[in-house]
Amino acid sequence: MAKQSSNIALVTGATGFIGSHLTHHLVASGWRVHIIICPNSTLQQLQLVRDSITVHIHDGTTEGLFAIVKSVKPRVVFHLASLFLAQHTPGDVVSMLQINITFSTQLVEAMIAHKIYHLLNTGTSWQHYENKDYSPVCLYAATKQAFEAILQFYVETTPLQVITLKLFDTYGLNDPREKLFTLLEKTARQSKELPMPPGEQLIEMVYVDDVVEAYMVAASRLQNGEFRGHERYEVSTGSPLKLKEIVEVFEQETGIKLAIRWGGRPYRDREVMVPWNKGDLLPGWKAKVGIREGIRRIQSGRQ
Ligand SMILES: NC(=O)c1ccc[n+]([C@@H]2O[C@H](COP(=O)([O-])OP(=O)(O)OC[C@H]3O[C@@H](n4cnc5c(N)ncnc54)[C@H](OP(=O)(O)O)[C@@H]3O)[C@@H](O)[C@H]2O)c1
């Protein structure tokens, strides 16, 4: 990719799984990268680029975000920070709304105040349970939808341009999250039996490099002024596999037979049996890494 040295990116969620991969890619592509973290964030995932990025610690206030946006003057804001919980407890409500709605709105308010109008937002396929236009799988998905509703106000009243990328399951190297492949790897290491639901649900697994590429294509689209308002795209392979099939491929590619007790635990409430498939694909983007190739990349990246 050509160097874009004049481009300044402001990234939220840069310490997370996708955000850290995106940050590495932006740095390698010549962007000047600023990230916003909270006081208790660690930069574990960003060690290789630590000296190439500028870190801003947000104190939680709107004024704090105003000062950050004013000093950075980003060309594009990549907003990935979020609290994801598939199932929440009453004690999670405040922190989930704080990041997914309050922080997100403070960020947009700061952008508008400083005439920064390019926002890449991150949504989830879980806003579309049973393929509906809107039906949240869980409270987390409802907060993503609520923020989109808030964005509507800014889009209608200011020059703000937004692309929301709606993500599905993601996987890749250096994944600190408790997700499917990290769980399978842990099971393999510990040689323990793993109770799983019956495994008939279809899952969209998108390799992290493809997800990062979607952000880059969307960033170009924003900067090229190819549209006005708010566009939404799904970031999917279009080829979901059953959970059982994914585990089978994992076993074949790693040569490890896992002790899985299918049906050892029930499906979740509102388990997604068929992923949302009514979104539009981002023009100019297509997933390139199939599941076998993705598993191989993880295996070889570790050696
Ligand atoms: N990965 C998926 O499969 C998937 C699917 C659908 C949608 N998404 C969306 O994609 C985005 C990235 O997901 P991910 O899996 O990479 O997330 P992740 O690994 O859980 O990372 C979440 C990020 O949000 C940051 N964050 C949380 N609270 C914050 C706060 N109060 N202030 C500033 N930053 C805060 C975290 O920072 P610290 O850890 O440093 O606190 C971290 O960098 C999220 O918006 C998520 O909802 C992901």
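Residues numbered from 1 in each chain as written. Predicted model: local features only at pLDDT ≥ 70, side-chain atom pairs only at ≥ 80, totals over all residues.

A look at the site of the ligand
- Among the 25 residues in the neighbourhood of the ligand, the closest are listed as Gly16, Ile18, Ser41, Ser82 and Leu167.
- Looking at the shell around the ligand, the elements that each hand over two or more residues are helix 1 (17-28), helix 3 (93-113), strand 5 (118-124) and strand 7 (169-171).
- Looking at the shell around the ligand element by element, the count peaks at 3 residues for helix 1.
- Class assignment for the residues of the shell around the ligand results in 12 nonpolar, 11 polar and 2 charged. (Near = placed C-beta within 6 Å. Helix = DSSP H or I, 4+ residues; strand = E, 2+ residues; numbered from the N terminus. Nonpolar A, V, L, I, M, F, W, Y, C, P; charged D, E, K, R; others polar.)

Overview of the sheet that holds strand 11 (residues 230-235)
- Strands sit in the order 3-2-1-4-5-6-11 across an open sheet of 7 strands; the sheet is parallel. The open sheet has two edge strands, strand 3 (53-57) and strand 11, and neither has a second partner. Mean inter-strand twist for the sheet, computed between neighbouring axes without regard to direction, equals 20 degrees.
- In this sheet, strand 3 lies alongside strand 2 (residues 32-37) in parallel orientation, the contact comprising 5 bridges. Across the sheet, residue Ile36 finds its bridge partner in strand 3, namely His56.
- On top of the sheet, helix 4 (residues 139-157) reaches strand 5, strand 6 (161-167) and strand 11; it is set at about 155 degrees to strand 5, its chief contact. (Pairing = 2+ DSSP bridges. Axes fitted to C-alpha atoms, helices over the stretch in contact; angles between N-to-C directions. Contact = placed C-beta atoms within 7 Å.)

A few points about the confidence of the model for the protein
- Looking at the protein, the pLDDT average stands at 95 and 98% of residues meet or exceed 70.
- In the predicted structure, residues 1-5 sits below a pLDDT of 50 and forms 6 contacts with residues beyond four places in sequence or in another chain. (pLDDT = per-residue confidence, 0-100.)

Re the environment of Met216
- Within the element layout of this structure, Met216 appears in helix 6 (residues 208-223).
- The sequence separation of Met216 and Ile8 amounts to 208 residues, and the corresponding C-alpha distance is 13 Å.

Re the nonpolar core
- Counting residues in each nonpolar core, the largest one holds 67 residues, and the members touching the most others are Val11, Val77, Phe78, Leu120, Leu165, Tyr215 and Ala218.
- Tallying contributions element by element places helix 6 first for this core, with 9 residues.
- Beyond its immediate sequence surroundings of up to four residues, Tyr215 is in contact with Leu22, Phe78, Leu120 and Leu165.
- Core analysis: the next-biggest nonpolar cluster, separate from the first, contains 5 residues, Trp126, Val137, Tyr140 and Val272 among them. (Core = buried A, V, L, I, M, F, W, Y, C linked by C-beta atoms within 7 Å. Buried ≥ 20, exposed ≤ 12 C-beta atoms within 10 Å, placed from the backbone.)

Some thoughts on unusual backbone geometry
- Non-glycine residue Lys115 carries a positive phi angle of around 60 degrees.
- Looking at the secondary structure, you find Lys115 in the loop between helix 3 and strand 5.
- For Lys115, a count of 10 C-beta atoms within 10 Å translates into the label exposed.
- Phi is positive for Glu130, close to 55 degrees, though the residue is something other than glycine.
- Secondary-structure assignment places Glu130 in the loop between strand 5 and helix 4.

Quick word on the environment of Met196
- Relative to the helices and strands, Met196 resides in strand 8 (residues 194-196).
- With 20 C-beta atoms counted inside 10 Å, the residue Met196 sits in the buried group.
- For the pair formed by Met196 and Glu234, sequence separation is 38 residues and the distance between their alpha carbons is 27 Å.

Quick look at the packing of helix 3 against helix 4
- The contact between helix 3 and helix 4 brings their axes to 9 Å, and the two run at 20 degrees. The angle between helix 3 and helix 4 falls in the class roughly parallel. Here helix 3 and helix 4 pass one another in a crossing that is right-handed. Within the contact between the two elements, helix 3 uses Met96, Leu97, Asn100, Ile101, Ser104, Thr105, Val108 and Ile112 and helix 4 uses Leu139, Tyr140, Thr143, Lys144, Ala146, Phe147, Ile150, Leu151 and Tyr154.
- Counted by class, the contact of helix 3 with helix 4 contains 12 nonpolar, 4 polar and 1 charged residues. (Parallel < 35°, antiparallel > 145°, perpendicular 65-115°, else oblique. Left-handed = near helix turned anticlockwise from the far one by under 90°.)

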